[in-house]
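# A structural walkthrough
Chain by chain, the residues:
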Protein chains: 2
Amino acid sequence: MYYGIAIFPQKRVQDLVNSYRKRYDPHYALIPPHITLKEKFELSDDKLEKTVADLEKIAKQMKAFKVRFHKVSHFHPTSNTIYLAIDHEEPIVELHNQIEQLFEPVEAPYDYIPHLTIGQKMSEDELHDVYGSLRMRKFELETLIDRFHLLYQLENGSWSIYQTFLLAKQ
Amino acid sequence: MYYGIAIFPQKRVQDLVNSYRKRYDPHYALIPPHITLKEKFELSDDKLEKTVADLEKIAKQMKAFKVRFHKVSHFHPTSNTIYLAIDHEEPIVELHNQIEQLFEPVEAPYDYIPHLTIGQKMSEDELHDVYGSLRMRKFELETLIDRFHLLYQLENGSWSIYQTFLLAKQ
């Protein structure tokens, strides 16, 4: 089965991001707005229980934290993705690193940059238009991150939920 | 904020149900296939923590169980909904009853019948056609129910995840 690990920011952040995703993200209907902690990976049923226990350990040892989304950025020309960038992203990178250590090392094609996608798989023109209109805008969005989720992918490409992992209290 | 409480059956059940929902359920893109434990309700932020603690208590005191989906049924003429009916539904009804006791009693318009929707808001003709073609079909689907989830609704009508509650081991 295919799994993924993600953080969902607080509702008002998800609502704002969805107002863009509706137009610019073909994954809009497949999953709510999220920060990916670990990209889609395959896990056999017999390894699920151990993985869940390991994720619980990681969650318990990290304190909840706040992050701020402060500006729009993009991954062009690597990919035609526009996203909300995260100020002081270190705790998310740390969480990502700890999670990756549970799994076989993969030759990751890119460095991990935590981000909240607002558009992807856009045409060049669309990307430049949207980025051009949003790049000067100041965002003042904050969200508490006190949990992350293990999801699994259904046959239609959408993501269903397996389990929540709560970080320690702040 | 609006919340809901639901059970997601195992993946192969969700995949089968989605093959029908894609055509017959306008909520197809808003939430994965689910058994509703508590319909959409409003909860103020200051009551969230207590509600979560109460749901944890309920979950811990109930053992995980299996259910079987054995046939297709419908709620016509109350509503034009077709669903997979659940054999030995008692543990789900019990879970529902315990959860409802946490909240102000509401004048529920119908008895609670646990079900897994495969189509809703259908026209009369469509309902009769689909039910007619599925009513003789035997389903032999089983799913382990060892958790339920508290969800919240985004502005676009879709449901995001707040927390998982694990039942006690079988």
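Sequence positions are assigned chain by chain, starting from 1 and proceeding in written order. To label them, take the chains in the order written and letter them from A, then take the ligands in the order written and number them from 1. Totals for whole chains, interfaces and linings use all residues, but because this is a predicted model, local features are given only for residues with pLDDT of at least 70 and pairs of side-chain atoms are given and counted only at 80 or more. Hydrogens and water molecules were not included; the side-chain quantities draw on all heavy atoms of the structure.

Chain A carries the name Putative phosphoesterase H1164_13785 in an unreviewed UniProt entry, which gives Thermoactinomyces daqus as its organism. UniProt positions are given in the numbering used here, feature names are shortened, and annotations may be inferred rather than shown by experiment. Regarding chain A, the relevant UniProt record gives this comment under Sequence similarities (unreviewed entry): "Belongs to the 2H phosphoesterase superfamily. YjcG family."

What follows covers the interface of chain A and chain B. Taken together, the contact pairs 27 residues of chain A with 27 residues of chain B. When two parts are put together, the accessible area they lose, computed with a 1.4 Å probe and summed over both, is reported as buried area. Across the chain A to chain B interface the summed buried area is about 2,100 Å²; carbon plus sulfur atoms make up 50%. By the criterion of area lost to chain B, the three top residues of chain A are A:Lys11, A:Leu154 and A:Ile161, representing 23% of everything that side buries. Any pair of nitrogen or oxygen atoms within 3.5 Å is treated as a polar contact; in protein, a donor-acceptor pairing is required on top of that, and neighbouring residues in sequence qualify only through side-chain atoms on both sides. Joining chain A to chain B, the criterion identifies 13 residue pairs in polar contact (both at pLDDT 80 or more). Contacts are assigned to residue pairs that have any heavy atoms within 4.5 Å of one another.

With that settled, consider the UniProt feature "active site" (unreviewed entry) in chain A. All names here are of chain A. As annotated by UniProt and renumbered to match this structure, "active site" (unreviewed entry) occupies His 34 and His 115. Separation in sequence by 82 residues is not matched in space for these annotated residues, since their most distant C-alpha atoms are only 8.3 Å apart. Numbering of helices and strands runs from the N terminus; a helix is a DSSP stretch of H or I covering at least four residues, while a strand is a stretch of E covering at least two. Mapped onto the elements of the fold, His 34 is located in the loop between α1 (11–24) and β2 (35–42). Once residues lying within four places of it in the same chain are set aside, the contact partners of His 34 are Ala 6, Ile 7, Phe 8, Pro 9, His 115, Leu 116 and Thr 117. Engagement of the side chain of His 34 in a polar contact is seen with the backbone oxygen of Pro 32, the distance being 2.9 Å.

Turning our attention to the relation of the copies chain A and chain B. What sets the superposition is a least-squares fit of C-alpha atoms, and only residues with pLDDT of at least 70 in both copies go into it. Each copy superposes on the other: chain A lies on chain B with an RMSD of 0.0 Å after a rotation of 180 degrees and an axial shift of 0.0 Å. Taken together, the turn and the small shift mark the pair as related by a two-fold rotation axis. Interface overlap between copies: 100% of the residues of chain A at the interface are likewise at the interface in chain B, consistent with a symmetric, same-surface contact.

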